[in-house]
Amino acid sequence: MSIAEKTGRPIADLLREGDSAEDLYAGLRAQFEAELRDTRTPEHTRALRDRWLGRRSGLLTAANESWLKAAARELKPTVGKLQNQLKRDLEAALQNAMQGAVSEPRDEAGLDPTLPGPERTAGAVHPVRLALEEVLDIFRPLGYTVAEGPEIESFFYNFEALNFPSDHPAVDEMDTLFLAGKERALLRTHTSPCQIRIMEAESPPLRYVVHGKVYRNDTPDATHSPMFHQLEMFAVGADITFGDLRGTLEHFVRRFFGPSTRARFRPSYFPFTEPSAEVDITCPFCSGHGCRICKQTGYIEVLGCGMIDPNVLTNAGLDHERFQGFAAGFGLDRFAMLRYGIDDILQMYQGDTRFLRQFR
Amino acid sequence: MRILLSWLRDFVEIQESPRDLADALTMAGMAVDTVEEADGDTLFEFDITSNRPDAMNHFGMAREVASIYRRPLRRPSSEFAEADILASSMASVEIANPKSCARYVGRVFTGVRVGPSPDWIRRRIELCGIRPINNLADLTNYALLEMGQPTHAFDLDKLAGRHIEVRTARPGESLVTLDGVLRELVAEDLVICDAEKPVALAGVMGGEATEITAETRNVLLEAAWFKPSTVRNTSRRLKLFSEASHRFERGADWDGTVWAADRIASLLGQTGPGAVLKGCIDCYPGSRNLPEIRLQSESIRRHLGVDLGGSEVESILLALGFRPVASDNGWIVPATSHRLDVEREIDLIEEIARIHGFEKIPATLPAVGIAPARTPKAAEDTRMRNAVSGLGYDETIGFSFSSSSESQRFGGSPEIALRNPISKLWDVMRTSAVPTMLRALEWNLKRNQPFVRLAEFGRVYQRTDAGFVEPKMLCLGASGTARPLCWSEPSRPFGFFELKADVAALLHPFDSAGLRFDSRNVPPYYRQGHAASARCDAGVLAHFGEIDPEITREQKIRQPVWVAEIFLDEVYQRGLRAPAHRRLARVPAVSRDFSLLVPESVAFERIIDTVGPMADLISLEPLEVFRGQNVPRGHYSLLLRASWQRLDESLTDEEVNSFAAELRSGLHARLGIVVRT
Ligand SMILES: [Zn+2]
């Protein structure tokens, strides 16, 4: 029986001959696929479409009349579903064929395993987040707890409690973004206010890593962004020393930038630490021999740190005769840029999928 | 700050190469930016931290060098012969505001001739970046660069009454400064006045009227100490920054005043004729008390973790100009006016560590000793992030700023304006993550990306009665095809149910019993009828859907754009679903399909709610949803598959038939659904 004859006969007859409705439709599908495989030109494909889906005499149209419409009441849902399913698949396959898509080879050679399958790659993790996770993986085993804090801060937490003299140039150097209104609220310029909040709430010994967005009134360019990410770690206890700070950070930079990285501690000034230091690392691009990125110095400045100033401990309600500690902070964006070779910080915030997918 | 090697050598012996010297100074906290050869000399460019005004001059820097290498420090010579006439007979000084001017020293020079300075003075100040003017102005600049003390030379004959009064400005007063600009003064400004009017802005800039000119014969030299905040406020208010204000606002040395005046007097003879009158006019209302700092050896060890030894400590302190006196277990160290930043024990410890060398302090690791606390919601956050990435969304981060107009359209809470915004487009904190996401989508669509999936974990900012809150958000953005293009499958556009599936997948790990989707109260920036909310009890977990095309058209986006806002605080507070095993059935389920004609007013969920509680019913799946053709208006056709199952026994045909009958009659009676089969 030809396929055209078959689709013209009432379904009840066919079922009586032993086929199930599923079998009937599977047969149609197999026939269609065979015919589709033999099409080579767009004309063939169009003819195939008319043969199967033509409104008057298409094979599937015939099946709709003699199978679906004639089906017994209890069979209708099943047949209807099979009919619709096949119709959809045929339409999709024909459309695909019209677009000139190549179908799978079916000869003895089998599939071409070098063709790609549909992409299912997991989405990218943002480079700042990647850097953060790496840093946290280094500090968690050392007993540090991870925390965040508010980005809208008070003048007290952002400056006063951190020992910034209120009429000192150091406040100007922070280029603060203030909120309008009487609260004197501001966007935190660093993550250090979290030090105070945590020290107020908990008692030593403390080991914390805090991270989050910080803001500066900077005009955006390749190395400046008015919003960026900072990470700060601090430890408070009865016997935390400057030597411990050096040891901890040396461990950290070796883990993050590579085992041959050396850290250099340079005295500096921050209102909230004393002694204060800036840490340079041997340039990871030239191993300290000097290159364009380190401006031929062999060193790159990566973070600021120091022993927490006794005034800060006092402001947070701790007795600085009993407790002391260290703190260190750095820009995660900058770490990510150094680590992954990104040369424009603003790319971090454009959401360009071409940029992001490099970090999949 | 520029420092000349030859000038440093006036005060300390230096054999090191410029490069080695720069490294040594950098490692002691005096950061050298550049080292360059200039006019047969070496010029260092320093970046000096704001707490160290004492090092912003050659003598101060020489003290650092002397301390690092523990070499003797020679003070600049300040010897000269004085005339017999008393300076105080030619001029008088009065301080009306001793809080802002602790000391005012005046020296009088007579019979001077104003002209160019000798070459060696011109060369030094010029190399340090100051333009030579005339011998008197150059001398004050020379002393500034050498010793850090700002001074000012007045034409004494132009000072009314040959009198100086230091006071705050009076209403309506003004002054033309040396740069020729008329400055209106306010009551907070500290001014130097003659007997009639202001003649200089204290510590900031002199006045034009009393400036040294070619005709000047007699000079009053001012060397004073002004309060940092006073100088800073005036300088900032007038946006007038000078070498003098830079130093005063960081803190000058009041004991350096006499010394600087004498140093200039001693150099005067080398620049031309002129007599130095006898004595200083030294107006010093109440001398300043500086604290005595107690320094314990144990404190040094406690902070640095190493015992440096008493002789090293003493040697460093002496080199830096301190006078330590041994006492029980340590020293008493009087603070000094040249280092106002050192007033506590910890300040001395920093000095000791810095000069001893940070690099020489052994690196140690503290014992772990404590168990880290759990970070609240960390497990929930990790789970969510992994799921988002697993669904193929690329993580983006957007700026927290937004514009007023955006915030009105997407906001829903009072806006938080910035007082000093970076730009008009960024003048408020965002109250919604949607506009940020739309910008990122626009960016990609304009770059012809056919498949865009973005996710941002971020905060939005809201003002409440209790203060500010920063709810955490997850915002998804999608546009283009439903899947990345591939040769093996036809492409189809992303649509509502793809987005709903993603939202549901993200909520699935959380304990969200009673989760419902509906389209009531979807925010107006979504295309109505193509958006929904996910709710749990009273809480809204998410809004999602297609963005109103009116809005996207403004951004010149000409294709549908889909966004989901997931309120993470609301989701996370429910916690993760606790996994629990239920025994699996030993017999297969039995399914029946039903073709239903459903009134449009009945949502699929109501069918579930109505017949879902039936005994042994394990699932209700929609197989097909169909409108038009033979389906009457006001209805849709639904092909529904119901499955029943018992754990341990098979269902009989009669049982299933009776279940099916119950389902049909229930749907018809309670929802008005016509069951066609
Ligand atoms: Zn390099």
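When helices and strands are tallied, chain B shows 19 helices and 34 strands. Expected size for 677 residues packed as a compact globule is a radius of gyration near 26 Å; at 41 Å, chain B overshoots this value by more than 25%. A total of 677 residues make up chain B; the buried ones form 54% of that total. Across chain B, contacts joining residues at least 24 apart in sequence account for 70% of those joining residues at least 6 apart. With the model as given, the accessible surface of chain B reaches about 29,900 Å², and the carbon-plus-sulfur share is 50%.

A few words on the coordination of the zinc ion. Residue and element names in this part refer to chain A. Protein coordination of the zinc ion is provided by Cys 283 (SG), Cys 286 (SG), Cys 291 (SG) and Cys 294 (SG), with donor distances spanning 2.2 to 2.3 Å. Each donor residue of the zinc ion belongs to the same chain, with the gaps between them written as C-x2-C-x4-C-x2-C. Exposure remark for Cys 286: the relative accessible area of 11% places this residue in the buried category. Here Cys 291 falls in the buried class, since its relative accessible area comes to 16%.

When cut into domains, chain B gives domain 1 (2–69), domain 2 (87–283), domain 3 (292–359), domain 4 (378–572) and domain 5 (590–675). Computed from C-alpha atoms alone, the centre-to-centre distance between domain 2 of chain B and domain 4 of chain B is 62 Å.

Attention now moves to the sheet that holds strand E18 (residues 330–334) of chain B. Residues and elements named next belong to chain B. A sheet is described by the order of its strands in space; here 3 strands give the open sequence E16-E18-E17, paired in antiparallel fashion. Edge positions in the open sheet fall to strand E16 (292–296) and strand E17 (325–327), since each of these has one partner strand only. Between one strand axis and the next, the sheet turns by 30° as a mean value, whatever way the strands run. Strand direction decides the pairing type here: E17 and E18, joined by 3 bridges, are antiparallel. Within the sheet, the bridge partner assigned to Ala 326 lies in E18 and is Trp 331.

Once that is clear, we can look at unusual backbone geometry. Cis peptide bonds are those with omega within 30 degrees of zero, and the linkage from A:Pro204 to A:Pro205 qualifies with 5°. Cis peptide bonds are those with omega within 30 degrees of zero, and the linkage from A:Glu274 to A:Pro275 qualifies with -5°. Even without being glycine, B:Arg162 reaches a positive phi, approximately 45°. Locating B:Arg162 in the fold gives a position in the loop between strand E6 (151–155) and strand E7 (163–168). When its relative accessible area of 30% is taken as the criterion, B:Arg162 is described as partly exposed.

A separate point is the packing of helix H3 (residues 21–37) of chain A against helix H4 (residues 42–53) of chain A. All names here are of chain A. At a closest axis distance of 11 Å, the pairing of H3 and H4 adopts a crossing angle of 165°. With respect to H4, the element H3 is oriented roughly antiparallel. Here H3 runs over H4; the crossing is right-handed. Across from Leu 28, Gln 31, Phe 32, Glu 35 and Leu 36 in H3, the residues of H4 making contact are Leu 48, Arg 51 and Trp 52. Split into classes, the residues belonging to the contact of H3 with H4 amount to 5 nonpolar, 1 polar and 2 charged.

A few words now on the sheet that holds strand E1 (residues 2–4) of chain B. Residue and element names in this part refer to chain B. Read from one edge of the open sheet, 3 strands run E1-E3-E2, paired in antiparallel fashion. With partners counted over all chains shown, the strands left at the sheet margins are E1 and strand E2 (31–38), one partner each. Recorded for the sheet is a direction-independent mean angle of 25° between the axes of neighbouring strands. Lying over the sheet, helix H2 (residues 18–26) contacts E2 and strand E3 (41–47), oriented at roughly 160° with respect to E2.

The next thing to look at is the confidence of the model for chain B. Mean pLDDT over chain B stands at 93; residues scoring 70 or higher make up 100%. Predicted as a complex, the structure gets a pTM of 0.85 and an ipTM equal to 0.89.

Residues and elements named next belong to chain A. For strand E4 (residues 206–215), the tally of buried residues reaches 10 of 10 residues, placing the bulk of the element in the interior. Alignment of strand E1 (residues 145–147) against E4, held across 3 bridges, turns out to be parallel. Among the inter-strand pairings, Thr 145 is bridged to a residue of E4, identified as Tyr 208. Relative to strand E5 (residues 227–237), E4 runs antiparallel, the two being bridged by 10 bridges. Within the sheet, the bridge partner assigned to Arg 207 lies in E5 and is Ala 235.

Reading guide: rules and limits
- Residues numbered from 1 in each chain as written.
- Chains lettered and ligands numbered in written order.
- Predicted model: local features only at pLDDT ≥ 70, side-chain atom pairs only at ≥ 80, totals over all residues.
- Heavy atoms only, no water.
- Helix = DSSP H or I, 4+ residues; strand = E, 2+ residues; numbered from the N terminus.
- Rg over C-alpha atoms; globule rule 2.2 N^0.38 Å.
- Buried < 20%, exposed > 50% of the residue type's maximum accessible area, 1.4 Å probe, protein only.
- Contact = heavy atoms within 4.5 Å.
- Areas by Shrake-Rupley, 256 points an atom, 1.4 Å probe, with all protein chains shown as cover.
- Donors = N, O, S within 2.8 Å, 3.2 Å for Na, K, Ca; no water.
- Domains from an automatic or database assignment.
- Pairing = 2+ DSSP bridges.
- Axes fitted to C-alpha atoms, helices over the stretch in contact; angles between N-to-C directions.
- Parallel < 35°, antiparallel > 145°, perpendicular 65-115°, else oblique.
- Left-handed = near helix turned anticlockwise from the far one by under 90°.
- Nonpolar A, V, L, I, M, F, W, Y, C, P; charged D, E, K, R; others polar.
- pLDDT = per-residue confidence, 0-100.

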